[in-house]
Amino acid sequence: EDKKIVYSGIQPSGSLTIGNYIGALKNFIGLQDEYNCLYCIVDMHAITVAQEPKDLRKNTLDVLALYLAAGLDPKKSIIYIQSHVPAHAELGWVLNTMTGLGQLQRMTQFKDKAKKYTDVQAGLLNYPVLMAADILLYQSSFVPVGEDQKQHIEITRDLAQRFNSRYSETFTIPEILTPKVGARIMSLKDPSSKMSKSDPNKDGYILLLDSEDDTRKKIKRAVTDSSGEFRYSDEQAGLKNLINIHASFSGMSPEEIVKKYENLGYGEFKEDLGEVVVEGLRPLRERFKEIREDKAYLESVYKEGAEKASYLANKTLRKVYKKVGF
Ligand code: ADP
Ligand code: NA
């Protein structure tokens, strides 16, 4: 088939937030019919910061079950675990030999994470190179991710172009796909920083696997402002973020939401938003429980996925090795 390729991945570095869902996972689903999609659980990325092996193993299966619960279909898409396909590390190494140290040191995500951890390893710096390998191995045209990944997609494009011009046409140049609304969901407690599962304040994020009660409570406690005005503007970042979350789950536009609530106030809006999110996540939360318990099914999905992914990845890797002189 000559459908274009879509590629994305999520790290099993903890439980997923609604930021991961809105920015990435939710958008994976609708691409499955029009494209040949590969969706990976990037455990090799997760170990760029310290992980407890037992937790990593559990989180990997959690993310797989969340993928399936959200609607990824192994009959349509290739769903697999990164470490099961050695070609990622192999192409990653070749690309590392073509990546400027300075370019990696300038990455915002690296600088942010390097500040947070006392012990910074080379793997954290080289993270974007492994990500480039992930994407380029499959000749991907589109990469659905949140806005925080923009710089990493830029490096990926640079590397593809550099390789193609140094050797010969080898890699497809990928494009980023970010959602119109919700490409960057902010912390519910600090709307100047990205919603993240590593936020020490648990009220800052909603996990896909939080209880319905916690989901409602966290939304009620979310910071807004004291102006009392209901507008969609950067000056009201807390409210704007909540409107984005609403829009992502309800399908309404921010303008429609403002119209509906401008005479009702923040309290009523938050009350409704709690229900919109709880209702929106209910099917996923219910299916997750069932799927997560079925170890045999999960294993059959990731084994089949790894086989299909390896076949495609090795085709590209063989070309690359030949071109560099191996
Ligand atoms: P995290 O950033 O939570 O550690 P990953 O790096 O594995 O998770 O990112 C998985 C996907 O979720 C990526 O496509 C990323 O852009 C997206 N994402 C992460 N946080 C957010 C957010 N706050 N808003 C929108 N998208 C996000
Ligand atoms: Na990220």
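Below: a short report on this structure. (Residues numbered from 1 in each chain as written. Chains lettered and ligands numbered in written order. Predicted model: local features only at pLDDT ≥ 70, side-chain atom pairs only at ≥ 80, totals over all residues. Heavy atoms only, no water.)

1. Here's the deal with the site of ligand 1
At step 1: Looking at ligand 1, there are 17 residues lining it, with Q11, G146, D148, I185 and K194 nearest.
At step 2: Note that an oxygen atom of ligand 1 is positioned 2.8 Å from one of the side-chain N or O atoms of K194.
At step 3: Residues belonging to the shell around ligand 1 are distributed by class as follows: six nonpolar, seven polar and four charged. (Near = heavy atom within 4 Å. Polar contact = N/O pair within 3.5 Å; in protein donor to acceptor, adjacent residues only side chain to side chain. Nonpolar A, V, L, I, M, F, W, Y, C, P; charged D, E, K, R; others polar.)

2. A short note on the coordination of the sodium ion (ligand 2)
At step 1: Distances from the sodium ion (ligand 2) to its protein donors, Q109 (NE2), D148 (OD) and Q149 (NE2), fall at 2.8 to 3.1 Å.
At step 2: One chain supplies every donor to the sodium ion (ligand 2), and in sequence these donors are spaced Q-x38-D-Q. Highlighted residues: Q109 in helix α6 (residues 108–116) and D148 in the loop between β4 (142–144) and α8 (150–166), separated in sequence by 39 residues.
At step 3: Q109 gets classed as buried once you look at its relative accessible area, which sits at 16%.
At step 4: D148 sits in the partly exposed class, given a relative accessible area of 25%. (Donors = N, O, S within 2.8 Å, 3.2 Å for Na, K, Ca; no water. Helix = DSSP H or I, 4+ residues; strand = E, 2+ residues; numbered from the N terminus. Buried < 20%, exposed > 50% of the residue type's maximum accessible area, 1.4 Å probe, protein only.)

3. Here's the deal with the pattern of salt bridges
At step 1: With the rule as written, the count across this model stands at 16 salt bridges.
At step 2: E212 serves as the salt-bridge partner of R216, at 3.9 Å between the closest nitrogen and oxygen. With R216 and E212 both in helix α9 (residues 212–220), this residue pair falls four residues apart, about one helical turn.
At step 3: Residue class for R216 comes out partly exposed when judged on its relative accessible area of 24%.
At step 4: For E212, a relative accessible area of 25% translates into the label partly exposed. (Salt bridge = Lys/Arg side-chain N within 4 Å of Asp/Glu carboxyl O.)

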